[in-house]
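Structural overview for review
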Amino acid sequence: MTTTIAPTKQSKSFKSHRGSYWITTFGCQMNKADSERMSGILQTMGYELAEEELKADLVLYNTCTIRDNAEQKVYSYLGRQARRKKSDPNLKIIIAGCLAQQEGETLLRRVPEVDLVMGPQHANRLETLLNQVDNGHQVLATDEQYIYEDIATARRESAICGWVNIIYGCNERCTYCVVPSVRGKEQSRTPQAIKHEIEELARIGYKEITLLGQNIDAYGRDFKAYEFNKSGQLTLSYLLEYIHDIEGIERIRFATSHPRYFTKELIDVCAKLPKVCEHFHIPVQSGSNKILKNMGRGYTVQTYKEIVNYIKQIMPDSSITSDAIVAFPGETRDEFEETLSLIEDVKFDLVNTAAYSPRPNTPAALWPNQLSEKIKIDRLREINNLVEKTAKKRNLRYKDSLQEILVESINSKDNSQLLGRTRTNRLTFFPKASIDSKSPQPGELVNIKINEIRPFSLTGSLL
Ligand code: SF4
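Residues numbered from 1 in each chain as written. Predicted model: local features only at pLDDT ≥ 70, side-chain atom pairs only at ≥ 80, totals over all residues. Heavy atoms only, no water.

**What about the sheet that holds strand β17 (residues 417–421)?**
Filter applied, for reference: Being paired, for any two strands, means DSSP has found at least two bridges between them. Every helix listed is a DSSP run of H or I at least four residues long, and every strand listed is a run of E at least two residues long, numbered separately from the N terminus. All axes are obtained by fitting lines to C-alpha atoms, using only the stretch in contact for helices, and the reported angles, taken between N-to-C directions, cover 0 to 180 degrees.
Here 5 strands make up a closed barrel; going around it, the order is β16-β17-β18-β20-β19 and the pairing mixed. On average, each strand axis in the sheet is inclined to that of its neighbour by 50 degrees, with strand direction left out of account. Sheet topology note: the strand β19 (residues 445–453)/strand β20 (residues 457–462) ladder contains 5 bridges and is antiparallel. From the neighbouring strand, Glu452 faces β20, where its bridge partner is Thr459.

So this is what it looks like as structure tokens:
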């Protein structure tokens, strides 16, 4: 069911050339991948990418609601476009993504200039919904939706590295997280559809793919056993083996994992498959078992350490990154320090940190023992200092090492340099060859001698 609210008068003057568009994306890789899909649909409909946001005939905000500041940012953008619409009534304003799903009709009341509010599950229905807008309707599309395979080809940011969604939504119930209520239940894509998309990418020159899912290790559990995997349940391990031999693809990555489903079997398969890169992003969120319980995460610090130790045992050079939330309701100083000591113990390559932000429709937002903004800021500063120190120490292992780099592009900040990443996902810069013709091209794998390290990136020279 898609709700059409009220016919708008200005739609009659629709241009044959559909006009220009601009997409602004907030939030995670899933949103970036959805924006690439919607960009592909708009191009198929005859829209062209605008030079800049304020010149576009159609603006689409693909929104995030993981934290309050992400939400506030969207409203400031919308205010500007609403003012524009007063002088340009043909301007189309679309709100997509998680905030659209969370706020729905409220958004239309708050910003009546908006033409279409659509949840993430409707991303590949953009053409249908936009045609309703062109027929003079204001449209709300936030109902639960089965996500069919895309028809249009995504318009991707990179020509070397591609995102490939394998599972949408999340069935977990972490008490701080808004994702299940805005992205819905888990929907895994079939292995055949995923393989076909990757073969297409390989055919047009992609070298690296990143498999995407909010809770990627749970891939396949919404399918019946033996439905696709003759030996049992469809899993991420099975999928990695199934897509591994696609010619042309040199590297395979996946994100975002959940410690609850990060099995020894998966680690063994990653170690066995040469194309699977030695970088694992496994959010831990807290170093305190009491806080993990209150978060509803479903594992203990001990379990988490066992996973990390097993990875380090069979892939010693791999990089392990994570996410951590500080100042969760009721978190004591001691429990916070447990998170700090876990970071020191594990020696993460990187930890994305955030202070707890109460979100609508999440249990923890209603709990009485919320911590003050001061405590949040202090703990965030403290954990970020430690993360940077730990990452820098961890990065020492690259000094004077030889690293295989997949060249992605010229460094936009210094075009005498090229950039790419190690298999462990470390951003690396290196000078182009003195003679341009001798310079490696994007998509090439090159060996780089690392001579300079920083907390979160490296510099080296072409051998
Ligand atoms: S696993 Fe938890 S934190 Fe991650 S998306 Fe699902 S509910 Fe949110």
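**As for the environment of Lys399**
Put simply, the rule reads: Using a 1.4 Å probe on the protein chains alone, a residue whose accessible area is under 20% of its type maximum counts as buried, one over 50% counts as exposed, and one in between counts as partly exposed. Contacts: residue pairs with any heavy atoms within 4.5 Å of one another. Here a polar contact is recorded for every N or O atom pair within 3.5 Å, except that within protein the pair must consist of a potential hydrogen donor and a potential acceptor, and residues adjacent in sequence are included only if both atoms are side-chain atoms.
Note that Lys399 resides in the loop between α13 (373–395) and β16 (402–410). Classification of Lys399 as partly exposed rests on a relative accessible area of 40%. In this structure Lys399 touches Ile450, Asn451 and Ile453, once residues within four positions along its chain are discounted. Engagement of the side chain of Lys399 in a polar contact is seen with the backbone oxygen of Asn451, the distance being 3.1 Å.

**Comments concerning unusual backbone geometry**
The peptide bond linking Ala255 to Thr256 adopts the cis configuration, its omega dihedral lying at 10 degrees. Tracing the backbone shows Thr256 in the loop between β12 (251–255) and α9 (264–272). Residues other than glycine seldom take positive phi values, yet Ala327 does so here, at roughly 65 degrees. Relative to the assigned elements, Ala327 resides in the loop between β14 (319–326) and α12 (333–346). Within the chain, Asn361 stands out as a residue other than glycine whose phi angle is a positive 60 degrees. With respect to the helices and strands, the residue Asn361 is situated in the loop between β15 (350–355) and α13.

**Some words on the pairing of strand β5 (residues 92–97)**
Keep this limit in mind: We call a crossover right-handed when, viewed with both strands directed away from the observer, the connection leading from the first strand over the helix to the second proceeds clockwise.
Counting buried positions along β5 gives 6 out of 6 residues, so the element sits mostly inside the fold. Of the strand pairs in this sheet, strand β4 (residues 58–63) and β5 are connected by 6 bridges, and their pairing is parallel. Bridge assignment links Leu60 to a residue of β5, and that residue is Ile94. This β-α-β element, β4 to helix α2 (residues 68–87) to β5, shows right-handed connectivity.

**Focus: the nonpolar core**
Heads up, the condition is: What we call a nonpolar core is a set of buried Ala, Val, Leu, Ile, Met, Phe, Trp, Tyr and Cys residues that are connected through their side-chain atoms within 4.5 Å.
Counting 69 residues, the largest nonpolar core has Leu211, Leu236, Leu240 and Phe254 as its most contacted members. By residue number, the principal contributor to this core is helix α11 (residues 301–314), which donates 6 residues. By size, the runner-up hydrophobic cluster in this structure holds 22 residues, among which are Tyr75, Ala82, Ile95 and Leu107.

**Here we look at the state of the cysteines**
Put simply, the rule reads: Our working definition of a disulfide is a cysteine sulfur pair at a distance within 2.5 Å.
Here the structure, examined in full by the defined rule, presents 0 disulfides. Sulfur of Cys64: no disulfide; nearest cysteine sulfur belongs to Cys98 and is 6.4 Å away. The exposure class of Cys64 is buried, given its relative accessible area of 11%. Left unpaired, Cys270 is separated from the closest cysteine sulfur, that of Cys277, by 10 Å.

**Quick word on the packing of helix α1 (residues 29–44) against helix α5 (residues 126–134)**
Each pair of packed helices can be summarised by the angle the axes make with each other and by the distance between the axes. Defined as follows: With respect to orientation, any angle under 35 degrees is reported as roughly parallel, any angle over 145 as roughly antiparallel, any angle of 65 to 115 as roughly perpendicular, and every other angle as oblique. The hand of a helix crossing depends on one turn: near helix anticlockwise from the far one by less than a right angle means left-handed, and clockwise means right-handed. Ten residue types, Ala, Val, Leu, Ile, Met, Phe, Trp, Tyr, Cys and Pro, are classed as nonpolar, four, Asp, Glu, Lys and Arg, as charged, and the remainder, Gly among them, as polar.
The geometry of α1 relative to α5 is characterised by a closest axis approach of 10 Å and an angle of 55 degrees between their N-to-C directions. It follows from the interaxial angle that α1 and α5 lie oblique. Here the hand of the crossing between α1 and α5 comes out right-handed. When α1 is examined against α5, the residues Met38, Ile41 and Leu42 are found in contact with a partner set consisting of Leu126, Glu127 and Leu130. Of the residues assigned to the contact of α1 with α5, the class counts are 5 nonpolar, no polar and 1 charged.

**Some remarks on the sheet that holds β15**
Spatial ordering of the open sheet is given by β13-β14-β15, a layout of 3 strands whose pairing is parallel. Of all the strands in the sheet, just β13 (279–281) and β15 have a single pairing partner and so form its edges. Each adjacent strand pair in this sheet contributes to an overall mean axis angle of 15 degrees, direction not counted. Where α13 meets the sheet, it contacts β14 and β15, and its direction lies at approximately 175 degrees from that of β15.

**A look at the domain arrangement of the chain**
To keep it simple, the criterion reads: For each domain, the first and last residues come from an automatic or database assignment. Accessible-area loss on putting two parts together, using a 1.4 Å probe and summing over both, is the definition of buried area adopted here. For this analysis, a salt bridge means a side-chain nitrogen from Lys or Arg found within 4 Å of a carboxyl oxygen belonging to Asp or Glu.
The domain architecture assigned to the chain consists of domain 1 (2–141), domain 2 (161–397) and domain 3 (399–462). Look at where the C-alpha atoms of domain 2 and domain 3 centre, and you get two points 27 Å apart. Between domain 2 and domain 3, the contact holds 23 residues from the first and 20 residues from the second. Summed over both sides, the interface of domain 2 with domain 3 buries roughly 1,700 Å², with 52% coming from carbon and sulfur. Summed over the shared surface of domain 2 and domain 3, the number is 3 salt bridges. With a shortest N-O distance of 2.8 Å, Glu278 and Arg423 are connected by a salt bridge. For the side of domain 2 that touches domain 3, the element with the highest residue contribution is α13, accounting for 4 residues.

**Observations regarding the packing of aromatic side chains**
Stated precisely, the cut-off is as follows: Centres within 6.5 Å make a pair out of two Phe, Tyr or Trp rings, where for Trp the six-membered ring is used; the pair is then stacked when the planes are under 30 degrees apart, edge-to-face when over 60, and tilted otherwise.
As enumerated under the stated definition, the model contains 11 aromatic pairs in all. Taken together, a centroid distance of 5.9 Å and an interplanar angle of 15 degrees make the contact between Tyr238 and Tyr242 stacked. One end of the pair is Tyr238 and the other is Tyr242, both in helix α8 (residues 236–243) and 4 residues apart, which spans about a single turn. The exposure class of Tyr238 is partly exposed, given its relative accessible area of 23%. The exposure class of Tyr242 is partly exposed, given its relative accessible area of 24%.

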